[in-house]
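Take a look at the letters that make up each chain.
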Amino acid sequence: MLVPGAGPLRAWLCALSCASFFQSGDASRLKTPALPIQSEREPLPSKGLPGCSFGSRFYSLEDTWHPDLGEPFGVMHCVQCYCEPKSRRGKVFGKVNCKNIKQDCPVPDCEDPVLLPGHCCKTCLKGTDDKKQAESLLDSFEYFYEKGKEDDLHKSYNDRSYLSSEDTGPGQSHTDFVALLTGVTDSWLPSSSGVARVRFTLTKTSLTFSITYQRMGRPSKLVFLDTDGTTAFEYKVPKGQSDMICGVWKNIAQTIVQQLQSELVRVRISTAPGRREEVEGKIIKHRALFAETFSSMLTSEEENSGMGGMAMLTLSDTENNLHFILILQGLIKQQDKELLVVPILVQLVYRQHILREIRANITSHDPDFAEVLTDLNSRELFWLSRGQLDITVATQDLDQKQISGSITGRRSCDTIQSVMSSGDALTPGKTGGVGSAVFSLHDNGTLEYQVQVAGLTSDIIGLTIELKPRRRNKRSVLYDLTPEYSPAAGRALGSWSRLEARHIHMLLQNELFINVATVHNQEGELRGQIRALPYSGLDVPRHDLPSTLAGQFVSPPVRSGAAGHAWVSVDKHCHMHYEIIVAGLSKTDDLSVNAHLHGLAEIGELDDSSTAHKRLLTGFYGSQAQGVLKDISVELLQHLDQGTAFIQVITKLNPQGEIRGRVHVPNSCKFGVGGDVEEEEFDYLFVKDPEELKKDPHTCFFENQHHAHASRWTPNYDKCFSCGCQKRTVICDPVICPVLKCSRTIQPEDKCCPICDERRDPKDMKAPERLEEHPEGCYFEGDQKMHAPGTTWHPFVPPFGFIKCAVCTCKGSTGEVHCEKVTCPVLTCSHPVRRSPSDCCKVCPEEERTSVGLEHSDMMQADGPRPCKFGKNYYQNSDSWHPWVPLVGEMKCINCWCDHGVTKCQRKQCPVISCTNITRTEGSCCPQCADQLIMKRPDKVRTWRH
């Protein structure tokens with residue numbers, strides 16, 4: 001067992017012993033099945049790309065990389081992996097080979113070589129130039145260094161290797177892409193002067209996108225092209241006036257996902273047939289997308305130029321340095337494959353006045369360019385915040401070309417919002433109040449805001465936007481919204497027109513907070529982080545204030561530290577779209593924190609006397625839940641229309657309601673399907689067409705047939721089993737037959753369980769009827785059945801089926817159900833077996849009853865503290881060790897320990913150092929300042945001479 005986040009290490013340990021499994025499409029074979037029944041291997045898609053799967057990433061043939069084992073191990077810079085092309089029966093596939101390259105390091109010719117961060121081999125710092133070069137490497141995009149991504153700082157700006165956003169934490173895994181689209185030169189249409197930029201976010205199997213465009217009409221269609229140039233997906237742009245287009249591509253095939261990761265997918269945008277224009281570009285990954293807070297789209301004044309560019313910019317976190325990366329297209333017209341070098345002039349301009357000027361060279365093979373503008377003065381920063389700075393790029397060759405554009409705050413379809421809760425206050429409390437805010441940043445630096453509060457303990461005395469305080473009792477207020485607050489309405493509406501460039505940068509990096517101070521809590525009763533909520537593709541009006549959810553609205557009121565808000569809408573098909581955000585759930589309740597974060601939300605009428613129209617929404621992932629609810633009853637639609645519906649979030653500590661809020665969604669739905677069809681989750685739509693099922697990456701292939709995710713069926717091999725599909729994994733459970741109340745039974749041929757023989761003993765069949773007339777017994781939610789007093793059964797939990805390692809008992813006439821885990825005996829044999837698939841516990845074979853050591857299977861049976869397995873070794877509870885990684889050896893800077901069956905690892909904590917010339921000595925876990933190291937070395941030399 002490994003600590004969460006150590007998945008890449010598991011893949012690394014397996015890669016060295018079973019590298020042949022790392023072929024395209026074979027990574028799923030590495031998963032250990034939870035039950036004996038395994039899914040059959042699905043046939044590889046016909047358009048599968050040859051390459052290598054390593055960890056959670058896909059590499060093309062002949063790619064090389066340093067393996068990233070995740071936290072706390074990091075990138076293994078002294079290990080290099082290679083995707084080696086192999087051929088078998090005419091088919092090409094990839095095989096992973098990894099080797100330690102430390103022995104290939106050249107011997108330094110200086111006396112005191114140093115090891116720079118992100119490097120494997122030691123180097124010599126010969127002079128000030130080399131030191132400056134090392135400093136510039138560390139200074140480049142400080143965002144990555146300060147956010148714990150220093151392992152990638154040695155890479156150049158133009159290196160598009162992706163820094164996985166899996167580092168951002170659980171529940172937030174996504175991949176960001178970007179595409180620059182310019183006029184198509186090889187099309188039958190005249191080349192366009194239009195330029196478009198598309199930002200993509202891949203989450204599970206959905207790809208959301210935000211489109212901005214200039215010098216072209218409103219697009220009518222967006223087309224994704226695969227490696228063959230054929231259309232993989234087409235999105236028809238809805239009519240509208242906004243210059244921002246938002247959309248989503250759902251249920252992407254795994255082959256397309258692999259092509260996206262390999263930067264092999266192109267995207268094309270075309271306008272309406274009246275004035276037909278097309279722009280096209282390749283979808284790429286870029287490390288600057290994480291840090292980007294300002295951007296610019298560069299266009300040409302020439303007609304039908306086919307030229308364009310984009311700039312991604314960010315401020316340093318501590319200095320007024322502006323980092324930027326230019327991606328250019330069409331400026332170099334290359335006639336052959338010969339490398340062409342073109343000088344360019346980059347200018348920072350304010351109203352045709354040149355402020356800064358940079359001269360450099362770009363090549364036809366890599367036309368991108370990166371630079372840092374240092375020490376921006378106060379006027380330059382002011383113009384940057386107001387969107388009044390332009391960036392111009394001009395070639396300096398014989399065929400001079402020029403593109404330019406204005407620099408503004410980063411634009412996307414994401415929503416800047418905040419949930420304020422008492423649990424997140426500087427002094428956390430539980431008041432049951434709530435605050436909700438929605439912001440809109442304009443190109444001129446103006447920030448519009450809408451804020452609402454409810455359920456407070458006393459009157460508001462302060463409503464402020466603040467920085468994160470350096471000390472708990474010393475707040476840093478940036479802007480006071482209190483004058484705009486209306487106590488009668490409980491809202492503040494207005495705009496902040498004096499944002500500085502630094503404030504815009506911090507806003508778009510989720511580094512600002514909003515604070516609500518009251519008479520009883522003068523430092524702050526509510527507080528929330530202002531964050532960008534990623535666009536999800538759901539049809540919800542995020543520009544409006546959401547419905548607030550608070551403990552004070554629960555009946556009876558709950559003094560909760562949590563709060564939330566929800567956007568809800570009903571579309572023309574009478575389907576309800578919803579997004580729920582929750583904040584302030586207490587992390588001190590360690591046993592229930594998971595239940596808090598994975599609590600359920602319910603929607604029903606405010607009238608508690610009726611529960612007939614209550615519906616269950618999806619579970620939470622992290623701090624949010626989203627989805628589409630279909631087949632809503634007429635009554636519930638009417639409650640939504642009249643504003644008499646509510647959303648309620650429940651947790652383990654408050655199963656009757658943690659927070660709740662009224663929802664008013666006007667709709668014209670006068671009818672409802674009213675069936676018992678469950679909700680379709682946002683990312684996993686149930687597809688029944690066999691051809692569509694093959695394309696769904698979560699489909700299971702079992703007994704030569706495709707089954708949809710979350711579906712259940714009876715397998716052909718045994719009618720006494722029930723199987724289900726859970727994201728490509730087939731789980732089969734034995735059917736537990738109910739206890740019959742009759743004395744004579746028969747076994748139907750087409751059934752698994754016996755039934756009462758009604759013909760022979762009709763009196764026995766009255767027992768169930770008497771049970772219903774006199775309902776003394778227990779009602780169990782899992783199977784939704786009454787159980788007679790004293791009976792025992794295995795609980796049924798949809799969609800997982802019968803939990804055969806648990807037994808429930810109905811305790812007499814009280815109606816109480818008591819469930820407990822089946823306790824398996826501690827075994828002494830080395831190879832225990834299950835006598836039948838329906839058994840929960842393993843037993844020792846008759847021929848082997850002697851102890852031959854502690855095996856993994858025995859550990860799973862033990863009742864005491866469970867040992868841990870790490871690599872090929874087992875460790876008892878509380879044992880600690882330094883992990884051993886193949887090709888690297890013992891990692892003495894990382895400590896692992898066994899905590900009741902769970903392996904936990906942590907890197908040694910290093911002190912914060914303020915110097916820029918950082919180095920690392922042999923055998924040292926923490927970096928040091930090179931200056932201090934050099935000062936110590938002369939003393940050592942003198943000691944050696946004596």
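Residues numbered from 1 in each chain as written. Predicted model: local features only at pLDDT ≥ 70, side-chain atom pairs only at ≥ 80, totals over all residues. Heavy atoms only, no water.

Our next topic: the overall build of the protein. Check the secondary structure of the protein and you find twelve helices and 63 strands. Buried positions account for 47% of the 946 residues belonging to the protein. In the protein, 56% of the contacts between residues at least 6 apart in sequence involve partners at least 24 apart. For the protein, the accessible surface area stands at approximately 48300 Å², while carbon and sulfur atoms represent 50% of it. (Helix = DSSP H or I, 4+ residues; strand = E, 2+ residues; numbered from the N terminus. Buried < 20%, exposed > 50% of the residue type's maximum accessible area, 1.4 Å probe, protein only. Contact = heavy atoms within 4.5 Å. Areas by Shrake-Rupley, 256 points an atom, 1.4 Å probe, with all protein chains shown as cover.)

Attention now goes to the pairing of strand 26 (residues 460-471). Both strand 26 and strand 30 (residues 512-518) contribute to a ladder of seven bridges, which runs antiparallel. Following the sheet pairing, Glu466 is matched in strand 30 by Phe513. Examined bridge by bridge, strand 26 and strand 27 (residues 474-480) share five bridges and lie antiparallel to one another. If you follow Thr464 over to strand 27, its bridge partner there is Asp480. (Pairing = 2+ DSSP bridges.)

Core analysis: the biggest nonpolar cluster contains 57 residues, and Phe324, Leu326, Val346, Phe369, Val393, Phe439 and Val451 have the highest contact counts within it. Within the second largest apolar cluster, 28 residues are counted, among which are Phe177, Ile211, Ile256 and Leu260. (Core = buried A, V, L, I, M, F, W, Y, C linked by side-chain atoms within 4.5 Å.)

Our focus in this paragraph is the confidence of the model for the protein. Confidence in the prediction of the protein, expressed as mean pLDDT, is 75, and 72% of residues score 70 or more. Predicted confidence is poor over residues 672-687, with pLDDT under 50, and the contacts of this stretch with residues over four places away or in other chains come to 47 contacts. (pLDDT = per-residue confidence, 0-100.)

As a further point, take the packing of aromatic side chains. A complete count under the given rule lists 15 aromatic pairs for this structure. Taken together, the ring pairs in this structure connect Phe200, Phe209, Phe224, Phe233, Tyr235 and Trp249 into an aromatic cluster. If you follow Arg660 out to its NZ or CZ, it ends over the ring of Phe646, 4.3 Å from the centre. (Phe/Tyr/Trp six-rings, centres within 6.5 Å; stacked < 30°, edge-to-face > 60°. Lys NZ or Arg CZ within 6 Å of the ring centre and 35° of its normal.)

A complete count under the given rule lists 13 disulfides for this structure. Between Cys868 and Cys898 runs a disulfide, and the two sulfur atoms are separated by 2.1 Å. Looking along the S-S bond of the Cys868-Cys898 disulfide, the torsion reads about 85 degrees, which is the right-handed sense. Taken together, the residues span a long stretch of sequence, with Cys868 in strand 55 (residues 868-870) and Cys898 in strand 60 (residues 894-899) at a distance of 30 residues. When its relative accessible area of 2% is taken as the criterion, Cys898 is described as buried. (Disulfide = S-S within 2.5 Å.)

Take unusual backbone geometry next. Along the chain, Ser555 connects to Pro556 via a cis peptide bond; the corresponding omega equals -5 degrees. Take Pro556: it is sitting in the loop between strand 32 (547-550) and strand 33 (563-570). The residue Arg215 is not glycine, and still its phi comes out positive at about 55 degrees. Here Arg215 lies in the loop between strand 8 (206-214) and strand 9 (219-225). Among the residues examined, Arg215 registers a relative accessible area of 34% and is labelled partly exposed. Its identity is not glycine, yet Arg351 carries a phi of approximately 50 degrees, on the positive side. Looking at the element boundaries, Arg351 is found in the loop between strand 17 (341-350) and strand 18 (353-363).

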